[in-house]
Amino acid sequence: MIWIAWYLRELVFPSTCASCGAEGGEIICPRCLREMPGLPRPACPLCASPTLYPVEACRRCRRRRPGFDRAVALGLYQGSLRDMVLELKYRNGRRLAPLLGAMLAAEAGRELGGEEAEAVTFVPMHRARERKRGYNQAGLLAREVSRHLGLPLLAPLVRTRDTPPQAGLSHRERLANLKGCFAVKEGAEVPGSLLLVDDVLTTGATLSGCASSLKRAGAERVVVLVAARDLPSAPAAPPAGERRVPGRRGPDGRGKAWG
Ligand SMILES: [Zn+2]
Ligand SMILES: [Zn+2]
C-alpha cells in the first residue's frame, strides 16, 4: 500500500525542485544542478577547506590533526547544494538520498582514484532522534554510496548519548560537547580502511570523533565523504605560515599563491 500513499502525496504535493521550488517533477532542476557550488581548488586534502595554494595540511589541520585521513566533498555548503542538504536532512531524505549518494560516489571515484576502501559507514544519530526523524540522512547517503561503489555497508558506530545541536558552538566547544559520545559496538566488524559518510563537514569535530573511535577499534585509514563543506567562520588557511607542497609553484614559477 506504500505506492498508494506515494501516489496521493504526489497528487497533493507534486515534486518540486529542492532548491528553487520549480515544478516539473525533478528533485533538483537542471538550472540549480548547474549552479551547484563546487569545491574551490586548491583545498586542504585533510579537511577539504579551500587554501590559497596546494598544501599538505591547512593551518587548522596542522594545529589539530583530524581523526580522519582525508575528506572529499561535493561542494561548498551554499546555494543549491545547501538547499539539497537541508531537504535531505529535515524534509525528505529518502527523496534526495539516491541523487546525492550517486554524486558522492562519483566524486569519491574521481578524487580517490585507485585508493581502495574496504567498506562504507556513516555518522550515527542518537536512537531517539532517529526515531523522531524517521531516518538518518548520513545512513541513507552511505547506503547509496556503498551500492554505487560495490562496497559493504557497515554500521559499527553508536552514539552513546544525545548531544545538543552543534550549530553555533566553537570548535573547542564542539569537541567538549562530543567527548566520548561515539563508540564502536561490542563485537562489530571494523576493517582497516573505511569511507565515513556524513551530510555536512563544518569544524570536523563530529567526523573526527567517529574516525578516532573507528581507529581505536582497528581501522587504519578513514576517508570522510560529505555532501557539503561548510566553512567555519575563522579563516582555515591564512596566507602566512602555510606549508607548501614541495616542488609545487604558482603559475609564475615563483612560488606565489595560486589563484
Ligand atoms: Zn531549481
Ligand atoms: Zn585542513
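How each quantity is defined
Residues numbered from 1 in each chain as written. Chains lettered and ligands numbered in written order. Predicted model: local features only at pLDDT ≥ 70, side-chain atom pairs only at ≥ 80, totals over all residues. Helix = DSSP H or I, 4+ residues; strand = E, 2+ residues; numbered from the N terminus. Buried ≥ 20, exposed ≤ 12 C-beta atoms within 10 Å, placed from the backbone. Contact = placed C-beta atoms within 7 Å. Pairing = 2+ DSSP bridges. Axes fitted to C-alpha atoms, helices over the stretch in contact; angles between N-to-C directions. Expected span 1.5 Å × (residues − 1). Core = buried A, V, L, I, M, F, W, Y, C linked by C-beta atoms within 7 Å. Parallel < 35°, antiparallel > 145°, perpendicular 65-115°, else oblique. Left-handed = near helix turned anticlockwise from the far one by under 90°. Nonpolar A, V, L, I, M, F, W, Y, C, P; charged D, E, K, R; others polar. pLDDT = per-residue confidence, 0-100. Right-handed = clockwise from strand over helix to strand, strands pointing away.

On to the overall build of the protein chain, then. Along the backbone of the protein chain there are nine helices and six strands. Sorting the 259 residues of the protein chain into buried and exposed places 39% on the buried side. At a minimum sequence separation of 6, the contacts of the protein chain that also span at least 24 residues come to 74%.

Glancing now at the sheet that holds strand β1 (residues 70–76). The strand order β1-β6-β5-β2 describes an open sheet built from four strands, whose pairing is parallel. Unpaired on one side and paired on the other, β1 and β2 (119–122) mark the two borders of the sheet. With direction set aside, neighbouring strand axes in the sheet form an average angle of 20°. Seen against the sheet, helix α5 (residues 93–112) touches β1, β5 (193–201) and β6 (221–229) and runs at an angle of roughly 130° to β1.

Within the secondary structure, A108 is located in helix α5. As a C-alpha pair, A108 and V224 span 116 residues in sequence and 9.6 Å in three-dimensional space. Here A108 is in contact with V72, V145, L149, L195 and L225, once residues within four sequence places are set aside.

Between its first and last C-alpha atoms helix α9 (residues 205–216) spans 16 Å; for twelve residues at 1.5 Å apiece the expected length is 16 Å, and the two agree. G218 sits one or two positions beyond α9 and adopts a positive phi of about 120°.

With that settled, consider helix α7 (residues 137–149). In this model α7 runs 18 Å from its N-terminal to its C-terminal C-alpha over 13 residues, within 8% of the 18 Å that 1.5 Å per residue would give. Within α7, ten of the 13 residues are buried, which leaves it mostly tucked inside the rest of the structure. In this structure, the buried side of α7 is in contact with α4 (79–91), α5, β2, β5 and β6. Among the residues trailing α7, G150 stands out with phi positive, at a value near 65°.

A separate point is the nonpolar core. Within the largest apolar cluster, 66 residues are counted, with the highest numbers of intra-cluster contacts made by L141, V145 and L196. At the level of secondary structure, the elements contributing two or more residues to this core comprise β1, α4, α5, β2, α7, β5, α9 and β6. Aside from chain neighbours lying at most four places away, what touches L141 is A97, L100, G101, L104, F122, V197, D199 and A227.

Following both chains from N to C, one finds α4 and α5 inclined at 130°, their axes separated by 7 Å at the closest point. On the basis of their axis angle, the class for α4 and α5 is oblique. Remark: the crossing between α4 and α5 carries left-handed chirality. Residues M84, E87, L88 and K89 of α4 form the contact with α5, whose own contacting residues are G93, L96, A97 and L100. Split into classes, the residues belonging to the contact of α4 with α5 amount to five nonpolar, one polar and two charged.

For the bond running from R41 to P42, omega is 0°, close enough to zero to count as cis. Note that P42 resides in the loop between α2 (30–34) and α3 (59–63). Notably, A48 is not glycine yet its phi reads approximately 65°, a positive angle. For A48, the position within the fold is in the loop between α2 and α3.

A residue-level look at the protein chain finds 80% of positions with pLDDT of 70 or above and a mean pLDDT of 84. With pLDDT under 50 throughout, residues 235–243 is counted as low confidence; its partners more than four residues away or in other chains account for 25 contacts. Long-range and interchain partners of residues 246–259, a stretch whose pLDDT sits below 50, account for 17 contacts in this model, where long-range means more than four residues apart.

Let's shift gears to the pairing of β6. The buried fraction of β6 is high, at eight of nine residues. Judged from the six bridges that link them, β1 and β6 form a sheet pairing that is parallel. Counted as the bridge partner of G75 is A228 from β6. For β5 and β6, the ladder comprises eight bridges, and the chain directions are parallel. Looking at the pairing, V197 lines up with L225 of β6. Taken together, β5, α9 and β6 constitute a β-α-β crossover, and its handedness is right-handed.

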